[in-house]
Amino acid sequence: MSQKIAVVGLGAIGSMAIWRLAKRGVSVTGFDQYAPANNRGASSGETRLFRAAYAEGSVYTPLLVESIDLWKELQNASGRTVFHHNGALTVGRQDHDEIQMLLANTEAAGMSLEMLDEEEMSARFPQHRLLEGEVGLLDPLGGLLRPEAAVISAVSEAAKLGATIRTGTRVVAVKEGPQGVAVTTESGTEVYDKVLVAPGPWAPILLPELKPHIQPERVVSIWFPAEQPELFGPERFLPTLRRGNGLDLTAFPSVDGNLVKVNLHLPRTLVDDVETRDREIENAYVEATREAVRRGFNGLSDLAVRREAYVEGYTPDEDPIVGPISPEKRIIAMTGFSGHGFKFSPAMGEVAADLVINETTDRPIAHMAPNRALVSN
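From a predicted model like this one, the values you see are computed outputs, not experimental measurements.

(A) Just the overall build of the protein, in detail. The secondary structure content of the protein amounts to 9 helices and 21 strands. Relative to the 2.2 N^0.38 estimate, which gives 21 Å for 377 residues, the radius of gyration of the protein is 21 Å and therefore close to what a compact globule would have. Its C-alpha atoms give the protein principal-axis dimensions of about 65 × 45 × 45 Å. For the protein, buried positions account for 55% of its 377 residues. Summarising the internal contacts of the protein: among those between residues at least 6 apart in sequence, 74% fall at separations of at least 24. For the protein, the distance from the average position of its 37 positive side-chain charges to the average position of its 50 negative side-chain charges is 5 Å.

(B) Looking closely at empty space enclosed by the protein. Scanning the entire structure with this criterion turns up 1 cavity of 30 Å³ or more. A volume near 60 Å³ is recorded for the largest cavity. If you go around the largest cavity, the residues you meet are Leu49, Arg51, Ala53, Ala88, Leu89, Thr90, Leu102, Leu113, Leu137 and Asp139. Listing elements by their share of the lining of the largest cavity, those giving two or more residues are β5 (88–93) and β7 (134–139). If you tally residues by element for the lining of the largest cavity, the top one is β5, at 3 residues. Residue composition of the lining of the largest cavity, grouped by class: 7 nonpolar, 1 polar and 2 charged.

(C) Up close: the environment of glutamine 94. When you line up the elements, glutamine 94 lands in the loop between β5 and α3 (97–108). C-alpha of glutamine 94 to C-alpha of valine 26: the two residues are 68 residues apart in sequence and 48 Å apart in space.

(D) Inspection of the environment of glutamine 100 at higher detail. Structurally, the position occupied by glutamine 100 is in helix α3. A sequence separation of 64 residues divides glutamine 100 from proline 36, and the C-alpha atoms of the two residues are 38 Å apart. Glutamine 100 has contacts with Gln94 and Asp95, leaving out every residue within four places of it along the chain.

(E) Just the packing of aromatic side chains, in detail. Summed over all chains, the structure comprises 9 aromatic pairs. Here the aromatic rings of tyrosine 34 and tryptophan 202 are separated by 6.2 Å at their centres, their planes lie at 55°, and the arrangement is tilted. Of this pair, tyrosine 34 sits in the loop between β2 (27–32) and β3 (48–50) while tryptophan 202 sits in the loop between β13 (194–197) and α6 (203–206), and the two are 168 residues apart along the sequence. A relative accessible area of 22% means that tyrosine 34 is categorised as partly exposed. Looking at tryptophan 202, the relative accessible area reads 12%, which means it is buried. With centroids separated by 5.6 Å and ring planes inclined at 70°, the aromatic side chains of tyrosine 54 and tyrosine 60 adopt a geometry described as edge-to-face. On the accessibility criterion, tyrosine 60 (0% relative accessible area) is buried. Taken together, the ring pairs connect Tyr54, Tyr60, Phe337 and Phe344 into an aromatic cluster. Sitting over the ring of phenylalanine 252, lysine 261 keeps its end group 4.3 Å from the ring centre. Sitting over the face of the ring of tyrosine 314, arginine 268 holds its NZ or CZ atom 3.7 Å from the ring centroid.

(F) Structural detail: the sheet that holds strand β21 (residues 331–335). Read across the open sheet, the 6 strands follow the order β9-β2-β1-β13-β21-β20; overall the sheet is mixed. With partners counted over all chains shown, the strands left at the sheet margins are β9 (164–167) and β20 (321–324), one partner each. Strand-to-strand, the axes of this sheet are offset by a mean angle of 15°, without reference to chain direction. Sheet topology note: the strand β1 (residues 4–8)/β2 ladder contains 5 bridges and is parallel. Within β2, the residue paired with valine 8 across the bridge is phenylalanine 31. Sitting on the sheet, helix α8 (residues 345–358) touches β1, β13, β20 and β21, and the angle it makes with β21 is about 165°.

About the cut-offs
Residues numbered from 1 in each chain as written. Predicted model: local features only at pLDDT ≥ 70, side-chain atom pairs only at ≥ 80, totals over all residues. Heavy atoms only, no water. Helix = DSSP H or I, 4+ residues; strand = E, 2+ residues; numbered from the N terminus. Rg over C-alpha atoms; globule rule 2.2 N^0.38 Å. Buried < 20%, exposed > 50% of the residue type's maximum accessible area, 1.4 Å probe, protein only. Contact = heavy atoms within 4.5 Å. Lys, Arg positive; Asp, Glu negative; His and termini not counted. Charge placed at Lys NZ, Arg CZ, Asp CG, Glu CD. 1 Å grid on protein atoms, 1.4 Å probe; cavity = no way out; pocket = protein on both sides within 12 Å on 5 of 7 lines; lining within 4 Å. Points joined across faces, edges and corners; volume = space filled by probe spheres on them. Nonpolar A, V, L, I, M, F, W, Y, C, P; charged D, E, K, R; others polar. Phe/Tyr/Trp six-rings, centres within 6.5 Å; stacked < 30°, edge-to-face > 60°. Lys NZ or Arg CZ within 6 Å of the ring centre and 35° of its normal. Pairing = 2+ DSSP bridges. Axes fitted to C-alpha atoms, helices over the stretch in contact; angles between N-to-C directions.

Listed below in structure tokens is the structure:
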């Protein structure tokens, strides 16, 4: 008799998990209190950076490389534009700590980056205004992801493969018992053999044992008009990390033919209530981002014409928490991915399927083990 599986939360991780579970023929039901690709969680904002060269650690490289083919598979299956696979940039001084880590991790992973000096950057990427001592590092395996399209596509493909999708259904509790795992919604309780919980910033609510280890934090995006829109589309302006010289930010190509998104990397605001988070964005943050645009870019107006705030869920060490968290190992947590999880979320969908079906995986997730968080409880 086949197992009944539930996935709670259909954001970046949950959507990929239910897609890969359905792909393997698992009987699976997905729950989301809103709808896929809503603007309340961590999978909004129109664009995400994909990079295979990774300062965060070469342990992520296999997951990133595997995700390239999975992103393309999702794009081909859905017919939606999900992945612009044409490279990504990192800009900064060679002696900057993160640039040094990026180069070291890339070498450790057996990969290579193309280093561009000021003259080469000016010729190929004139949108960037390099400051003293800065270089560009081109990751040829990088690219641009479309988060809303990706989440919608993964959920839609799962449904085509037989998954049951229940949106507008708020899960209020997930509890393991002798007969399985009880999933309680506002309409009642259903029992499943195993439940994968991928709640994003709602983790402290749905997984109270992890509350001390998942912090909801507000992330801000601001959009600026391109003075020459033809220079800022995905084919000409690569998603870019800038580091140092007071320009710690991420900039994204325009996907509407006009506006360019810039995320300034300032200390994030803690969020006490995910549902009633403050959407007001402080003028000081806007002015700091405008100044960064003036200093670091050519051809962008410094007029902040759109601003949005959304909530992500972070762990203290910024590595995710992935694995069983209940005594009988029927409840599997996948949470705390914010900051860098979207890019390798398809590979995490495969991890989810491995853990549900086989209770183990060969993919490199030892550093994501829940016991590093739960041991202190």
